[in-house]
Amino acid sequence: MPNDHLNPRAERQPVMAPTPDMVTAIVPARNEEGVLATCIESLAHQREIAQILVVNDQSTDKTAAVVRDAMKEIANLRLLEAGPLPDGWVGKNHALWVGVQQATSPWLLFTDADANHISNSAARALQIAHEQQAVLVSFSPEQISRNWYEKALIPFIYLRLAKRFSYGKVNDATSPAAAANGQFLLIRRDVYDAIDGHRGVAGEVLEDVAIALRVKRAGHRIWFGSGKGLVRTRMYTSFRAMWEGWKKNLYRLMGGTPWVVVREVESTLPWIAFLLIFLGLKFPFLFFLGVLFLIMRQTIYGLDLSRNHYPFSYIFYYVPATFLYAGVLWASYRSHVKGRITWKGREYSIGTPESVK
C-alpha cells in the first residue's frame with residue numbers, strides 16, 4: 001500500500017491492544033479542504049474511536065494540508081495517500097480499501113468528509129450493534145439545507161427513499177431488503193473481511209447498499225436508522241454539485257429499471273392538479289378542483305416531512321421539488337443508459353449494479 005504520513009507525536013504514543021469496542025474511522029477525501037477539519041474534529045472527540053485514517057484521493061486542493069495541521073493536535077490521526085486509481089474501481093471504494101489495510105480496530109467506521117459527528121455517535125452505534133446483535137449499523141444523517149433547491153430536492157428524495165428502503169424491512173432479519181448510508185456505516189472488521197469488503201464491490205457506485213446486501217445475504221443482521229441528533233451533513237453547497245451528485249446514483253437507488261423511472265414520474269408529479277388548473281382557464285370549477293387537489297397533495301407531503309423529521313415549512317417547496325426530482329431522475333437514467341457517469345472529475349464505466357440484480 002502507498003506510504004502514509006504519520007504525526008511524529010503519534011508515533012511516540014504507546015500502542016494499545018485493541019478492545020472489542022474500539023473503532024477505526026476511515027474518511028475518503030478528494031478535494032475536501034472546506035469541510036474536512038470539522039469532520040476530523042468531531043471524530044477526535046469520541047473515545048471509542050481509537051484511530052482516524054484520512055485517505056487523500058489525489059486531491060488538487062489543500063486537503064492533505066488540512067489533515068497535517070490537525071495531526072499536530074490529534075495524536076491518533078493519520079494521513080494516507082490513495083495513489084493512482086486502479087482499473088475497475090470507483091475512487092471512493094479504492095480510498096476506503098486503502099484505509100482498511102491500515103486499520104487496527106475490531107470495528108470500522110466509514111464516513112464522508114462532510115459529515116459532522118455528535119459526540120456520542122460511535123458509542124450509540126456500538127450500543128445498537130450489541131442490543132440488536134447486528135454486525136453492521138448505519139445512520140441516515142440529518143441533512144442541513146440552506147438554499148431553496150436543497151430544501152426542495154433533498155428532503156423529497158429522502159422521503160422517496162424511505163418508501164423504498166423502509167427501516168422496518170431493512171432491520172427485519174427475515175426480509176431480503178438491505179440498505180445503508182455510506183456517510184455513517186459501522187461494520188465489524190471480521191465480517192467486512194469475510195465479504196471481501198470494498199474490493200468485492202470495487203466498481204459499485206452504491207457501495208454502501210451493495211455492502212449491506214452482501215452482509216445480509218451472508219446471514220448477518222444489519223441495522224439502519226435515522227441519524228438525527230447523532231450525525232449531520234450538508235451534502236452539496238451548489239446546485240451543480242447537488243444535480244451531479246444525485247444524477248450519479250438516483251436511478252440505481254430507486255431500482256435501476258426504466259419502469260421505475262416511469263412509475264416515479266407518474267406518481268410524484270401532480271399532473272392531475274395541473275391538468276385541472278389548465279382546463280380551469282376555460283371552466284372555472286375545474287380550476288378550483290385543481291387548486292384543491294394540489295393543496296391536498298402538498299398537505300400530505302408536509303405530513304410526510306414531519307414524520308421524517310424535516311421542517312413542515314418545507315411544504316412550500318413541494319411543486320419545485322416534484323419537477324427537480326423528475327428532472328434529475330430522468331438525467332440519472334439517461335446517464336446510466338449510456339453506461340458512463342462523471343463524479344469529482346472522473347468518468348466511470350458502469351454495468352448492472354449488484355444492488356438491483
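Asks: What is the right way to read the side chain of Arg160 from this model?
Replies: Within the secondary structure layout, Arg160 lies in helix 6 (residues 148–164). In this structure Arg160 comes out as buried when scored by relative accessible area, which is 17%. A distance of 3.0 Å separates a polar atom in the side chain of Arg160 from a polar atom in the side chain of Glu264. Ignoring anything within four residues of it in the chain, the contact list for Arg160 reads Met254, Glu264, Ser267, Thr268 and Tyr325.

Asks: Please clarify how the environment of Tyr192 should be interpreted in this entry.
Replies: Structurally, the position occupied by Tyr192 is in helix 8 (residues 189–194). Overall, Tyr192 belongs to the buried group, its relative accessible area being 0%. Measuring from C-alpha to C-alpha, the distance between Tyr192 and Trp107 comes to 9.3 Å, with 85 residues separating the pair along the chain.

Asks: Explain the nonpolar core here, please?
Replies: In globular proteins that are soluble, nonpolar side chains generally tend to be buried together. Within the largest apolar cluster, 70 residues are counted, with the highest numbers of intra-cluster contacts made by Ile26, Phe110, Ile187, Val215 and Trp246. Examining the composition of this core, we find that 9 residues originate from one element, helix 6, more than from any other. Here Val215 is in contact with Val135, Leu136, Ile187, Val191, Ile195, His220 and Ile222, once residues within four sequence places are set aside. Core analysis: the next-biggest nonpolar cluster, separate from the first, contains 36 residues, Leu43, Val67, Leu77 and Trp107 among them.

Asks: Got a minute to help me understand the pairing of strand 7 (residues 136–140) in this structure?
Replies: Two faces, one strand: in a regular strand the side chains alternate between the faces of the sheet. Where burial is concerned, most of strand 7 is hidden: 5 out of the 5 residues are buried. Side-chain alternation along strand 7 places Leu136, Ser138 and Ser140 on one buried face and Val137 and Phe139 on a second face that is also buried. Bridge analysis of strand 7 against strand 9 (residues 184–188) gives 3 bridges, and the strand direction is antiparallel. By the bridge assignment, Val137 is partnered in strand 9 with Leu186. Sheet topology note: the strand 7/strand 10 (residues 222–226) ladder contains 5 bridges and is parallel. Residue pairing for strand 10: Phe139 is matched across the bridge by Gly225.

Calculation rules
Numbering of residues begins from 1 in every chain and follows the order in which that chain's sequence is written. Given that the model is predicted, a residue must reach a pLDDT of at least 70 before its local features are reported, and side-chain atom pairs must reach 80 or more before they are shown or counted; all residues, however, enter totals for whole chains, interfaces and linings. Here the side-chain values reflect all heavy atoms present in the structure, with hydrogen atoms and water set aside. Helix and strand assignments come from DSSP, with helices taken as H or I runs of at least 4 residues and strands as E runs of at least 2, each series counted from the N terminus. Between buried and exposed lies partly exposed: a residue is buried under 20% and exposed over 50% of the maximum accessible area for its type, with that area taken using a 1.4 Å probe on protein chains only. Here a polar contact means two N or O atoms within 3.5 Å. Within protein one must be a hydrogen donor candidate and the other an acceptor candidate, and residues neighboring in sequence count only if both atoms are side-chain atoms. Contacts: residue pairs with any heavy atoms within 4.5 Å of one another. As used here, the term nonpolar core means buried Ala, Val, Leu, Ile, Met, Phe, Trp, Tyr and Cys residues forming a set that is joined through side-chain atoms within 4.5 Å. At least two bridges found by DSSP between two strands are what make those strands a pair.

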